[in-house]
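A structural walkthrough
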Amino acid sequence: MILGLETSCDETAAAVVTADGRILSNVVSSQADLHARYGGVVPEVASRRHLELVTPVVQDALIEAETSLDEVDLIGVTAGPGLIGALLVGVAAAKAIAWARRLPLAAVDHLQGHVASLYLEPDPLEPPFLCLLASGGHTLLLDVQDRGGKPRVLGTTLDDAAGEAFDKGARLLGLGYPGGAEIDRLAREGDPSAYGFPVARVPGLDFSFSGLKTALLYVVRELPPAELESRRADLAAAYQRAIVRALVERTRQAADQIGATAVAVVGGVAANSELRATLPDATAAPLALCTDNAAMIASAARFTEAIPYPGYLALDAYASTA
């Protein structure tokens, strides 16, 4: 069995997954309420909260799986990318557990973890496929050829990630955090054709969302407070439609370009109801595995070369793949 740990941002997570991809437990302790007052994640606050939560979350994952560390064969942990202070908490905890039990450790790339959420039971997806990875920190189009290899990046964002655009848009509209869920909820009450927000046209298969965010800012500034309140749902619907349109258009373009017969969507934005409805033929990660979680990290650990005891003691986290 594999014990996975994930602390790349503001979720402290641990999971137990079998070698064949069955999820025995998947415990996630979110800090959303803690950071809501700031309108976004505060890295130092997140790191300190991870320190408080990591041990009880691991214990809960083992209890839920009805197992113990005696039955664990491999530790998997997110090594990056993410908030460096938060990552270090998870890496340190994973090294301590692995060293104490003389177990091997797999240092997992967070982005490959999202892709590996598709490989879990009961309906694992077999490569090759085109994968849209859209989250708070990343927006990528990936050509996935096999489970163990590194996917080929076909396109990325030139500025804001899609999830970041949702969060910043929600802040402009006076909504709560996390913004993606709030916009998704409010957009169901609005008219997406009420405003014509732009979709950036950039070369290749890349994305850009900064212009869209600025367009929303200008509209919000020009509306009197009373009218802004009455048009908030329309603004949310139109803004969401523009983000989804950009994601879907690029995904379809990439699929045609590489001749992909299967398309998948992963990451926090994959939970968006309009995106899922607009790509009905795509395989979307289960809702519970869209946001950051440790089951996807344990899944990726199955296809990551493990570092034997005690070679991982010098392992470090990394904030960016660049």
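Read on for a plain summary of the structure. (Residues numbered from 1 in each chain as written. Predicted model: local features only at pLDDT ≥ 70, side-chain atom pairs only at ≥ 80, totals over all residues. Heavy atoms only, no water.)

**Comments concerning the overall build of the protein chain**
When helices and strands are tallied, the protein chain shows ten helices and ten strands. For the protein chain, the C-alpha radius of gyration of 20 Å lies close to 20 Å, the compact-globule estimate for 322 residues. If one aligns the C-alpha atoms of the protein chain with their principal axes, the spans along those axes are about 60 × 45 × 35 Å. A burial count over the protein chain gives 52% of its 322 residues as buried. Taking the intrachain contacts of the protein chain between residues at least 6 apart in sequence as the baseline, contacts between residues at least 24 apart amount to 71%. Accessible surface computed for the protein chain: about 13,900 Å², of which carbon and sulfur atoms make up 52%. Here the protein chain contributes 25 positive and 39 negative side-chain charges, whose respective centroids are spaced 4 Å apart. (Helix = DSSP H or I, 4+ residues; strand = E, 2+ residues; numbered from the N terminus. Rg over C-alpha atoms; globule rule 2.2 N^0.38 Å. Buried < 20%, exposed > 50% of the residue type's maximum accessible area, 1.4 Å probe, protein only. Contact = heavy atoms within 4.5 Å. Areas by Shrake-Rupley, 256 points an atom, 1.4 Å probe, with all protein chains shown as cover. Lys, Arg positive; Asp, Glu negative; His and termini not counted. Charge placed at Lys NZ, Arg CZ, Asp CG, Glu CD.)

**Some points on the sheet that holds strand S8 (residues 152-156)**
Judged by pairing direction, the sheet is mixed, and its five strands sit side by side in the order S8-S7-S6-S9-S10 without closing on themselves. If you trace the sheet from one side to the other, it starts and ends with S8 and strand S10 (283-284), each paired once. With four bridges joining them, strand S6 (residues 129-134) and strand S9 (residues 263-266) adopt parallel strand pairing. In the strand pairing of S9, Leu132 is matched with Val265. With respect to the sheet, helix H8 (residues 225-258) is in contact with S6, strand S7 (139-144), S8 and S9, its orientation differing from that of S6 by roughly 155 degrees. (Pairing = 2+ DSSP bridges. Axes fitted to C-alpha atoms, helices over the stretch in contact; angles between N-to-C directions.)

**So, empty space enclosed by the protein**
Applying the stated criterion across every chain yields a total of one cavity of 30 Å³ or more. Reported here for the largest cavity is a volume of approximately 30 Å³. (1 Å grid on protein atoms, 1.4 Å probe; cavity = no way out; pocket = protein on both sides within 12 Å on 5 of 7 lines; lining within 4 Å. Points joined across faces, edges and corners; volume = space filled by probe spheres on them.)

**Regarding the layout of surface pockets**
Roughly 1,100 Å³ of volume is contained in the largest pocket. Lining the largest pocket we find 39 residues, and of these Asp10, Ser135, Gly136, Asp167 and Tyr177 sit closest to its centre. Those elements that provide at least two residues to the lining of the largest pocket are strand S3 (23-30), helix H4 (110-116), helix H5 (162-172) and helix H6 (179-187). Ranked by the residues each element gives to the lining of the largest pocket, the list is headed by H5, at six residues. Roughly 260 Å³ of volume is contained in the second largest pocket.

**Some thoughts on the side chain of Asp160**
Assignment of secondary structure puts Asp160 in the loop between S8 and H5. Taking relative accessible area as the criterion, Asp160 reaches 7% and is therefore assigned buried. One polar contact links Asp160 to Lys213, side chain to side chain, over a distance of 3.4 Å. With residues near it in sequence (within four places) discarded, Asp160 still touches Lys168, Phe209, Ser210 and Lys213. (Polar contact = N/O pair within 3.5 Å; in protein donor to acceptor, adjacent residues only side chain to side chain.)

**Let's talk about the pattern of salt bridges**
Going through the model one piece at a time under the given rule, you end up with 16 salt bridges. Note that Asp160 and Lys168 form a salt bridge whose closest N and O atoms lie 3.4 Å from each other. Judged by relative accessible area, Lys168 falls into the partly exposed class, the value being 25%. Here Arg185 makes a salt bridge to Glu182, at a shortest N to O gap of 2.9 Å. Pair noted here: Arg185 and Glu182 are both in helix H6, with a separation of three residues, about one helical turn. (Salt bridge = Lys/Arg side-chain N within 4 Å of Asp/Glu carboxyl O.)

**A short note on the packing of H5 against H8**
Helix-helix packing is characterised by the crossing angle of the two axes and by the distance between the axes. Running from N to C, H5 and H8 cross one another at 175 degrees; their axes reach a closest spacing of 11 Å. Taken together, the axes of H5 and H8 are roughly antiparallel relative to one another. Residues Ala162, Ala165, Phe166 and Gly169 of H5 form the contact with H8, whose own contacting residues are Tyr239, Gln240, Ile243 and Leu247. Taken together, the residues that form the contact of H5 with H8 break down as six nonpolar, two polar and no charged. (Parallel < 35°, antiparallel > 145°, perpendicular 65-115°, else oblique. Nonpolar A, V, L, I, M, F, W, Y, C, P; charged D, E, K, R; others polar.)

**Describing helix H7 (residues 210-222)**
The end-to-end C-alpha distance of H7, which contains 13 residues, comes to 19 Å, matching closely the 18 Å that a straight helix rising 1.5 Å per residue would cover. Here H7 has its buried residues at Leu212, Ala215, Leu216, Val219 and Val220. Looking straight down H7, one finds that the buried residues subtend no more than 135 degrees of arc, so they occupy a single side. When the buried face of H7 is taken as reference, the exposed residues oriented beyond 90 degrees from it are Arg221 and Glu222. Looking at the buried residues of H7, the elements they touch are H5 and H8. (Expected span 1.5 Å × (residues − 1). Arc of directions from axis to C-beta.)

**Comments concerning unusual backbone geometry**
Omega for the bond connecting Glu121 with Pro122 falls within 30 degrees of zero, at 15 degrees, which places this linkage in the cis form. Within the secondary structure, Pro122 sits in the loop between H4 and S6. Across the junction of Tyr177 and Pro178, the peptide omega takes the value 0 degrees, indicating a cis bond. A positive phi angle, close to 55 degrees, is found at Glu66, a residue other than glycine. Within the secondary structure, Glu66 is located in the loop between helix H2 (43-64) and strand S4 (74-80). Relative accessible area serves as the criterion here: at 75%, Glu66 is assigned to the exposed category. One non-glycine residue, Arg102, adopts positive backbone phi at about 55 degrees.

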